[in-house]
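Given next are the chains, with one letter for each unit.
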Amino acid sequence: MRTPVIAGNWKMNTTLAEATALVKQMKDRLDTIKGVEKILCPPFISLAAVGELLRGTSIRLGAQNCHHELKGAYTGEVSPSMLSAMCEFVILGHSERRQYFGETDELVNRKIRATFGANLIPILCVGEKLEERQSGRAEKVVRSQVAGALDGVDSPRGLVMAYEPVWAIGTGMAATGEEANLTINLIRGELRRLYGAEIALETRILYGGSVTANNIGEFVTQQEIDGALVGGASLKADEFVSIVEQSAART
Ligand code: PGA
């Protein structure tokens, strides 16, 4: 039985003051919800303060990106070993990183390996673009993103994955629960091919892309979907709490 995960990806939103205010608005309510793993991923600059506020609660902390080396002359970058002293998770391979910062499967793979080496848990995102879906290549793209990102990783134990079709992110056009379930089943199949049944069965695979309090039920009731990576709706305290509550109700 996989415990569902709801992760909030705040992206490049919130100042330090706004981040701490947002955590204070939802912390107590989130803390009492059982049966769901709750993860907040604020910007780097707020990790320490948010971590302090979450200390002693059941809410876990993640970052949104990291460099692929543990240290060195990389001005402006943040390394996995810096993060592992501060949080447990890091989002990698997000389509915005791929699209706006030129991240390839190869770079995502280097980051994934560095992350496992530093005792951080990656939340690995994959997903096809609209034109890839329309031309019937979605399946192939997603499979190769999974295999590419995990190349050379012996055992991705603890890994969390997120299927985020690019056309659904921030557009208000979520996939249907059935569509997402099909692709997530395919991702699980790819994990089975690479690592065998045990890893495939225990890895949590989330859906992401325009998840709201209104549509979360459609996703978490699907057999293969183990929760959601939530962008825009994670910045609204009441809505995020409702998303977590509804995911707990599934268990
Ligand atoms: P969205 O973003 O919920 O705002 O569509 C999801 C994501 O990018 O993780």
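Residues numbered from 1 in each chain as written. Predicted model: local features only at pLDDT ≥ 70, side-chain atom pairs only at ≥ 80, totals over all residues. Heavy atoms only, no water.

Novice: Explain the site of the ligand to me, using residue names and the numbers behind them.
Specialist: Among the 13 residues in the neighbourhood of the ligand, the closest are listed as K11, H94, E164, G170 and S210. Between the ligand and K11 there is a distance of 2.7 Å, counted from an oxygen atom to a side-chain nitrogen or oxygen. Within the contact set of the ligand, an oxygen atom lies 2.6 Å away from a backbone nitrogen or oxygen of G170. When the free accessible area of the ligand is taken as 280 Å², the share hidden by the protein chains comes to 95%. Here the shell around the ligand is built from residues that sort into four nonpolar, seven polar and two charged. (Near = heavy atom within 4 Å. Polar contact = N/O pair within 3.5 Å; in protein donor to acceptor, adjacent residues only side chain to side chain. Areas by Shrake-Rupley, 256 points an atom, 1.4 Å probe, with all protein chains shown as cover. Nonpolar A, V, L, I, M, F, W, Y, C, P; charged D, E, K, R; others polar.)

Novice: Please set out the pattern of salt bridges residue by residue, giving values where relevant.
Specialist: Taken as a whole and assessed by the stated rule, the structure comprises 21 salt bridges. Note that K11 and E96 form a salt bridge whose closest N and O atoms lie 2.8 Å from each other. Of this pair, K11 sits in the loop between β1 (5-9) and α1 (16-32) while E96 sits in helix α4 (residues 95-100); the two residues are 85 residues apart in sequence, bridging distant segments of the chain. The closest approach of N and O atoms between K236 and E239, which form a salt bridge, is 3.7 Å. Residue classification places K236 among the partly exposed positions, given a relative accessible area of 48%. One network of salt bridges, with partners in common, ties together R2, R188, E224 and D226. (Salt bridge = Lys/Arg side-chain N within 4 Å of Asp/Glu carboxyl O. Helix = DSSP H or I, 4+ residues; strand = E, 2+ residues; numbered from the N terminus. Buried < 20%, exposed > 50% of the residue type's maximum accessible area, 1.4 Å probe, protein only.)

Novice: Break down the pairing of strand β3 (residues 59-63) for me, citing the residues and quoting the values.
Specialist: Counting buried residues in β3 gives four out of five residues, a clear majority hidden from the surface. With respect to chirality, the unit in which strand β2 (residues 37-41) leads through helix α2 (residues 47-54) into the neighbouring parallel β3 is right-handed. Across two bridges, β3 lies against strand β4 (residues 89-92) in parallel orientation. Following the sheet pairing, A63 is matched in β4 by V90. (Right-handed = clockwise from strand over helix to strand, strands pointing away. Pairing = 2+ DSSP bridges.)

Novice: So what's going on with the nonpolar core? Which residues, and what values?
Specialist: If you look at the biggest cluster of nonpolar residues, it comprises 63 residues, and the most contacted ones within it are I6, M26, L83, M161 and Y207. Setting aside anything within four residues of it in sequence, one finds Y207 in contact with Y163, P165, A168, A174, A175, A180, I184, F219, I225, G227, A228 and L229. Of all hydrophobic cores here, the second largest spans twelve residues; its members include A7, I39, I91 and V160. (Core = buried A, V, L, I, M, F, W, Y, C linked by side-chain atoms within 4.5 Å. Contact = heavy atoms within 4.5 Å.)

Novice: I'd like a rundown of helix α8 (residues 177-195), residues and numbers included.
Specialist: For α8, spanning 19 residues, the distance from its first C-alpha to its last is 26 Å, which sits close to the expected 27 Å at 1.5 Å a residue. Burial in α8 covers these residues: G177, A180, N181, T183, I184, L186, I187, R188, E190, L191 and Y195. (Expected span 1.5 Å × (residues − 1).)

Novice: Report on the packing of aromatic side chains, specifying residues and quantitative values.
Specialist: One pass over the structure, following the stated rule, counts two aromatic pairs. A ring pair is formed by Y207 and F219, whose centres lie 4.2 Å apart and whose planes are at 15°; its orientation type is stacked. A residue pair is termed long-range when its members are at least 10 positions apart, and Y207 in strand β7 (residues 204-208) and F219 in helix α10 (residues 216-220) qualify at twelve residues. For the residue pair Y207 and F219, the accessibility class agrees, reading buried in each case. By way of ring pairs, the aromatic residues Y163, Y207 and F219 are connected into one cluster. (Phe/Tyr/Trp six-rings, centres within 6.5 Å; stacked < 30°, edge-to-face > 60°.)

Novice: An account of the environment of L235 is requested, with residue identities and associated values reported.
Specialist: Structurally, the position occupied by L235 is in the loop between β8 (227-230) and α11 (237-249). Expressed as a C-alpha distance, the spacing of L235 and A213, which sit 22 residues apart in the sequence, is 12 Å. The residues contacting L235, other than those within four sequence positions of it, are W10, N13, T14 and L22.

Novice: Talk me through the sheet that holds β7; I want residue IDs and the actual numbers.
Specialist: Read around the closed barrel, eight strands run β1-β2-β3-β4-β5-β6-β7-β8, paired in parallel fashion. Ignoring which end each strand starts from, the neighbouring axes of this sheet average 25° apart. Inspection of the sheet shows β4 paired to strand β5 (residues 121-126) by four bridges, in the parallel sense. Residue pairing across strands places L92 opposite L124, the latter belonging to β5. Across the sheet, α1 touches β2 and β3, and the angle it forms with β2 is around 165°. In the packing of helix α5 (residues 105-117) onto the sheet, contacts are made with β4 and β5, and the angle to β5 comes to roughly 160°. (Axes fitted to C-alpha atoms, helices over the stretch in contact; angles between N-to-C directions.)

Novice: Got a sec to walk through a nonpolar patch on the surface? Specific residues and values, please.
Specialist: Together, L16, F44 and I45 line one region of the surface with nonpolar side chains, adding up to about 290 Å² of accessible area. When you line up the elements, L16 lands in helix α1. Take L16: its relative accessible area is 40%, and that puts it in the partly exposed class. (Patch = residues over 30% accessible without salt bridge, like charges linked within 9 Å, V, L, I, M, F, W, Y side chains within 5 Å.)

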